[in-house]
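# Observations on chain architecture
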Number of protein chains: 2
Amino acid sequence: MSKLLDVEDVSASACCAPLSGPVMGEEEAAELAKVFKALADPVRLRLVNLIASGPGGEVCVCDLTGAFELTAPTISHHLKVLRQAGLIEGERRGTWVYYRVIPEALTRLSGLFALPALTSA
Amino acid sequence: MSKLLDVEDVSASACCAPLSGPVMGEEEAAELAKVFKALADPVRLRLVNLIASGPGGEVCVCDLTGAFELTAPTISHHLKVLRQAGLIEGERRGTWVYYRVIPEALTRLSGLFALPALTSA
């Protein structure tokens with residue numbers, strides 16, 4: 001009875017090489033800009049934080065709405081933006097949707113900002 | 001005769017803990033959202049990429065303007081946004097300004113997206 005919600009646009013998976021690496025093409029830059037646009041909002045950052053730090057790596061949407069002084073539709077909108085950016089995914093179980101981060105997306109973003117290790121001791 | 005350009009708002013240094021870590025406060029989320037807003041633009045992402053991968057870790061502004069079909073004032077605007085977000089810094093040497101990324105800012109963003117290491121072998 002569980003149903004994985006559609007992820008319309010997994011943009012976060014588009015980025016691979018670090019910023020200090022090879023020249024970034026226009027298409028990759030455009031895809032990546034969409035991911036950062038999704039993260040360029042305090043509420044969405046806090047949502048990702050709550051989801052990423054949830055017990056067992058997931059959080060029920062019923063526990064997310066209570067954490068903000070915002071209406072449920074507003075929270076749903078922000079969650080949809082994060083889903084479309086490929087940062088989180090949701091799974092419906094009965095009444096509620098449970099969200100978790102997509103680890104590959106976060107790992108790729110982490111690698112994007114990685115700098116070459118210093119070779120000197 | 002060299003002059004370090006002002007960095008008006010070193011927001012990138014505000015973020016420390018990973019998204020999967022402790023609860024992020026509203027103030028930290030707001031600061032961090034500004035940094036991601038600076039990165040939520042394809043031209044600015046490509047600028048950071050060119051600067052981060054420049055020889056010796058820096059790039060003359062004279063070499064940046066030629067890489068885009070944009071006017072010099074437009075490039076200057078984008079560089080200012082990146083400076084204000086605490087992602088890059090510029091140093092004037094004679095006629096030209098040389099830009100480099102601020103390593104601490106990128107390292108902190110990399111850490112932000114780090115996930116806890118799996119403890120299973």
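Per chain, the residues get numbers from 1 upward, laid out in the order the sequence is written. Note on labels: chains are lettered from A, ligands numbered from 1, in written order. Where local features are concerned, this predicted model is filtered to residues with pLDDT of at least 70; where side-chain atom pairs are given and counted, the filter is 80 or more; whole-chain, interface and lining totals use all residues. Side-chain metrics rest on all non-hydrogen atoms present in the structure, leaving aside hydrogens and water.

Chain A carries the name Helix-turn-helix transcriptional regulator in an unreviewed UniProt entry, which gives Actinomadura alba as its organism.

### Examining the pattern of salt bridges
Salt bridges are defined by distance alone: a side-chain nitrogen of Lys or Arg within 4 Å of a carboxyl oxygen of Asp or Glu. Taken as a whole and assessed by the stated rule, the structure comprises 8 salt bridges over all chains. Within the structure, one salt-bridge network assembled from shared partners comprises Glu58(A), Glu91(A), Arg93(A) and Arg100(A).

### Quick look at the packing of aromatic side chains
Only centres within 6.5 Å qualify two rings of Phe, Tyr or Trp (six-membered ring in Trp) as a pair; their planes then separate them into stacked at under 30 degrees, edge-to-face at over 60, and tilted for everything else. As enumerated under the stated definition, the model contains 4 aromatic pairs over all chains in all. Clustering of aromatic rings is evident, with ring pairs tying together Phe36(A), Phe113(A), Phe36(B) and Phe113(B). A positively charged side chain is recorded as over a ring if its NZ (Lys) or CZ (Arg) lies within 6 Å of the ring centre. The angle to the ring normal must also be within 35 degrees. Against the face of Tyr98(A) rests Arg93(A), its NZ or CZ located 4.5 Å from the ring centre.

### Focus: the relation of the copies chain A and chain B
Alignment of copies: least-squares fit on C-alpha atoms of residues with pLDDT of at least 70 in both copies. When chain A is fitted to chain B, the residual RMSD is 0.0 Å, and the transformation amounts to a turn of 180° plus an axial shift of 0.0 Å. Such a combination of turn and shift is consistent with a two-fold rotation axis. Residue Ser110(A), judged by its C-alpha, is the member of chain A lying nearest the rotation axis, at 2.1 Å. In this assembly the copies share their binding face: 100% of the residues contributing to the interface of chain A also contribute to that of chain B. In this analysis, two residues are considered to be in contact whenever any of their non-hydrogen atoms come within 4.5 Å of each other.

### Overview of helix H2 (residues 42–52) of chain A
Residues and elements named next belong to chain A. Extensive coverage of H2 is indicated by the burial of 9 of its 11 residues. Looking only at H2, the buried set comprises Val-43, Arg-44, Leu-45, Arg-46, Leu-47, Val-48, Asn-49, Ile-51 and Ala-52. In the analysis that follows, any N or O atom pair within 3.5 Å is treated as a polar contact, provided that within protein one partner can donate a hydrogen and the other can accept it, and provided that, for residues neighboring in sequence, both atoms belong to side chains. To qualify as a helix, a DSSP run of H or I must reach at least 4 residues; to qualify as a strand, a run of E must reach at least 2; elements of each kind are numbered from the N terminus. For H2, the capping residue at the N-terminal end is Asp-41, with a side-chain oxygen 2.9 Å from the backbone nitrogen of Val-43. The cut-offs for exposure are 20% and 50% of the maximum accessible area for each residue type, with area from a 1.4 Å probe on protein chains only; residues under the lower value are buried, those over the upper are exposed, and the others partly exposed.

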